[in-house]
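Observations on the three-dimensional arrangement
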Amino acid sequence: MHFQWYPGHMTKAKRQMQEDIKLIDVVIELVDARIPLASKNPDIDDLAKNKSRVILLNKYDLADPEWSRKWKAWYEAKGWYVVGLNSKKGTGVKDVQNIILEACKEKIERDRKRGIINRPVRAMIVGIPNVGKSTFINTFAGKACAKTGNKPGVTKGKQWIRLNKNVELLDTPGILWPKFEDQTVGLKLAFIGSIKEELLNTTELAMELLDFMNTHYKGVLEERYEMEAYEDSVKTLYHIAELRSCKLRGNELDLNKAAGIIIDDFRNAKLGRVTLEFPEDGNSEE
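Rules used in this analysis
Residues numbered from 1 in each chain as written. Predicted model: local features only at pLDDT ≥ 70, side-chain atom pairs only at ≥ 80, totals over all residues. Heavy atoms only, no water. Axes fitted to C-alpha atoms, helices over the stretch in contact; angles between N-to-C directions. Helix = DSSP H or I, 4+ residues; strand = E, 2+ residues; numbered from the N terminus. Parallel < 35°, antiparallel > 145°, perpendicular 65-115°, else oblique. Contact = heavy atoms within 4.5 Å. Nonpolar A, V, L, I, M, F, W, Y, C, P; charged D, E, K, R; others polar. Salt bridge = Lys/Arg side-chain N within 4 Å of Asp/Glu carboxyl O. Buried < 20%, exposed > 50% of the residue type's maximum accessible area, 1.4 Å probe, protein only. Arc of directions from axis to C-beta. Phe/Tyr/Trp six-rings, centres within 6.5 Å; stacked < 30°, edge-to-face > 60°. Lys NZ or Arg CZ within 6 Å of the ring centre and 35° of its normal. Patch = residues over 30% accessible without salt bridge, like charges linked within 9 Å, V, L, I, M, F, W, Y side chains within 5 Å. Areas by Shrake-Rupley, 256 points an atom, 1.4 Å probe, with all protein chains shown as cover. Lys, Arg positive; Asp, Glu negative; His and termini not counted. Charge placed at Lys NZ, Arg CZ, Asp CG, Glu CD. 1 Å grid on protein atoms, 1.4 Å probe; cavity = no way out; pocket = protein on both sides within 12 Å on 5 of 7 lines; lining within 4 Å. Points joined across faces, edges and corners; volume = space filled by probe spheres on them.

1. A short note on the packing of helix H7 (residues 183–192) against helix H8 (residues 202–216)
- Axis separation between H7 and H8 bottoms out at 11 Å; the angle between their running directions is 100°. The pairing of H7 with H8 is recorded here as roughly perpendicular in orientation. In contact with Leu187, Ala190 and Phe191 of H7, H8 contributes Leu205, Glu208 and Leu209.
- For the contact of H7 with H8, the residue count by class is five nonpolar, no polar and one charged.

2. Some words on the pattern of salt bridges
- Taken as a whole and assessed by the stated rule, the structure comprises 19 salt bridges.
- A salt bridge links Lys40 to Glu29; the shortest N-O distance between them is 3.4 Å. With a gap of eleven residues between them, Lys40 in the loop between strand E1 (26–32) and helix H2 (42–47) and Glu29 in strand E1 connect regions that are remote in the sequence. Judged on exposure class, the residue Lys40 and its partner Glu29 are both buried.
- The partner of Glu66 in a salt bridge is Lys70, with the nearest N and O atoms 3.4 Å apart. Of the two residues, Glu66 and Lys70 both sit in helix H3 (residues 65–76), four residues apart, roughly one turn of that helix.
- Overall, Lys70 belongs to the partly exposed group, its relative accessible area being 38%.
- Through salt bridges with shared partners, a single ionic network connects Asp25, Lys107, Asp111, Arg114 and Arg119.

3. Section: the side chain of Asn86
- Inspection of the secondary structure assignment puts Asn86 in the loop between strand E3 (81–84) and helix H4 (94–103).
- With relative accessibility at 9%, the residue Asn86 sits in the buried group.
- Setting aside its immediate chain neighbours within four residues, Asn86 contacts Asn58, Lys59, Asp61, Thr91 and Val93.

4. Things to note about H4
- Along H4, the residues classified as buried are Val96, Gln97, Ile99, Ile100 and Ala103. Projected down its long axis, H4 shows its buried positions confined to an angular sector of 165°, all on one face. Projecting away from the buried face of H4 at angles above 90 degrees are the exposed residues Lys94 and Asn98.

5. Observations regarding the packing of aromatic side chains
- What the rule picks out here adds up to nine aromatic pairs.
- Ring centres 6.5 Å apart and planes at 65° place the aromatic pair Phe191 and Phe266 in the edge-to-face group. Of this pair, Phe191 sits in helix H7 while Phe266 sits in helix H11 (residues 255–267); the two residues are 75 residues apart in sequence, bridging distant segments of the chain. Considered together, Phe191 and Phe266 belong to a single accessibility category, that of buried residues.
- Centre to centre, the rings of Phe212 and Tyr217 are 6.3 Å apart; their planes meet at 40°, and the pair counts as tilted.
- Taking the relative accessible area as the measure of exposure, Phe212 reaches 13% and is therefore buried.
- An aromatic cluster is built from Trp67, Phe212, Tyr217 and Phe278, whose rings are joined through pairwise contacts.
- The aromatic ring of Trp80 is capped on one face by Arg53, whose charged end is 4.3 Å from the ring centroid.
- Above the plane of the ring of Trp160 lies Arg122, whose end atom (NZ or CZ) is 4.5 Å from the centre.

6. Remarks on a negative patch on the surface
- On the surface, a cluster of negative charge is contributed by Glu204, Glu208, Asp211, Glu231 and Asp232.
- The topology assignment puts Glu204 in helix H8.
- On the accessibility criterion, Glu204 (34% relative accessible area) is partly exposed.

7. Looking at the layout of surface pockets
- Considered as a void within the structure, the second largest pocket measures approximately 310 Å³ in volume.
- Together, 16 residues line the second largest pocket, and Asp25, Lys51, Ser52, Ala103 and Glu106 are the ones closest to its centre.
- For the lining of the second largest pocket, the elements supplying multiple residues, two or more each, are strand E2 (52–58), H4 and helix H5 (105–113).
- No other element matches the four residues that H5 contributes to the lining of the second largest pocket.
- Of the residues contributing to the lining of the second largest pocket, the split by class is five nonpolar, three polar and eight charged.

See below:
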């Protein structure tokens, strides 16, 4: 499969973010804990230079905990602050405010020395589609948050959420989408559902996933589908179609339906907690 998806309006969003970033103390980036690198937009690193950085490993409960610990250490080694969370359930969200203040402690101390006390930290939250950014903002801000309105020097109409006396949140910058040169990035984004379904070949996607599971999570498919092991993803897909009675008219196997079952099982963690990429994948890009 060939992936390429970079809508033209993202150029405008990027330009807007370049303006917004001047007002910001800390950039908070949500990534999917199952693909902590592929779900991270490389454009953000250029835009957020010289800013404090926080990475939120969202959907932490769906990812392999051992690899999540390693990813946390990998990002922390870059000098970034990291929190694992589930924004839908609210798990880990309470830790984010303390991390924001920790990430900005030097800025807060500089302000204090200049006699500026209790100026709230300004945060921008970014993230590609389907990483849970809107859900996180709603959970993090809560019902009690108040929009503080336009600030001097801020483009008309831009809204800030005053979370409390310590933190203000820009609501909401234009979402940036990755322009991926490496097709494996597109593949990983397709696995988690960040690429529109109509752009995908579901059967091919499922076979790629079966290959990955057979390589990195041996025994999981056999346990989930109560089947014997096959090295070949085509045979595995046919067998799962038979086991799940995925049939077309004339009793022909419906491979597309079986592929959909496999992908849904992965996305709903019915194949267990799975991580699709590893820190060494990131090291190779540096």
